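Listed below are the residues making up each chain.
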Amino acid sequence: MLKTLLVIAVGFLPSLFSLWMIRKNFVRSRLRMQAAMNFPMVQGRHNIRPVEGDRYYLEGVGYLIGDISCKFNARSGYIRCAVNPDGPCNACRHYEPKELASSEKKT
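Presented here is a report on the structure given in the accompanying data block.

Definitions and limits used
- Residues numbered from 1 in each chain as written.
- Predicted model: local features only at pLDDT ≥ 70, side-chain atom pairs only at ≥ 80, totals over all residues.
- Heavy atoms only, no water.
- Pairing = 2+ DSSP bridges.
- Helix = DSSP H or I, 4+ residues; strand = E, 2+ residues; numbered from the N terminus.
- Salt bridge = Lys/Arg side-chain N within 4 Å of Asp/Glu carboxyl O.
- Buried < 20%, exposed > 50% of the residue type's maximum accessible area, 1.4 Å probe, protein only.
- Polar contact = N/O pair within 3.5 Å; in protein donor to acceptor, adjacent residues only side chain to side chain.
- Contact = heavy atoms within 4.5 Å.

1. Some thoughts on the pairing of strand β2 (residues 62-65)
Looking along a regular strand, one sees side chains alternate from face to face of the sheet.
So, point 1. Relative to β2, strand β1 (residues 55-58) runs antiparallel, the two being bridged by 4 bridges. Within the sheet, the bridge partner assigned to R55 lies in β2 and is I65.
So, point 2. The hairpin turn running from β1 into β2, its antiparallel successor, is 3 residues long, and G60 in that turn takes a positive phi close to 85°.

Right, here's the structure in full:
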């Protein structure tokens, strides 16, 4: 009977050790996250506002920036395109006109 209890106890040791390590790392990560939240936000790209003439409002989507006729336009309010995210779109050497879908070509 004692041997059976010993085998069961030894069998549970790895899982108990694993749970202890997970709990320890969870507490550490929570403390790190709280410390990071207390620091002031780094001033950088967050203050960059798109030029008002570069913004377009698309119904159902919202504000978009950049040349919406470009193939590489991200259709986002935060970045213009994958090739030239900061812009400007005027005279961009990567500009390619967007291809029309087959349904749009027929009309």
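Once the structure has been displayed, the description carries forward.
2. Remarks on the pattern of salt bridges
Pairing of side chains with opposite charge becomes possible as their charged atoms draw close.
So, point 1. Within this structure, the stated rule accounts for 1 salt bridge.
So, point 2. When the shortest N-O distance is used, the salt bridge between E96 and K71 registers 3.6 Å. Of this pair, E96 sits in the loop between β2 and α2 (102-106) while K71 sits in the loop between β2 and α2, placing them 25 residues apart in sequence.
So, point 3. Take E96: its relative accessible area is 35%, and that puts it in the partly exposed class.
So, point 4. By relative accessible area, K71 is classed as partly exposed at 42%.

3. Side note on the side chain of S76
So, point 1. Examined against the element boundaries, S76 turns out to sit in the loop between β2 and α2.
So, point 2. Judged by its relative accessible area of 18%, S76 falls in the buried class.
So, point 3. At a separation of 3.0 Å, a polar atom in the side chain of S76 contacts the main-chain amide nitrogen of Y78.
So, point 4. With near-sequence residues (within four places) excluded, S76 lies in contact with Y63, L64 and I65.

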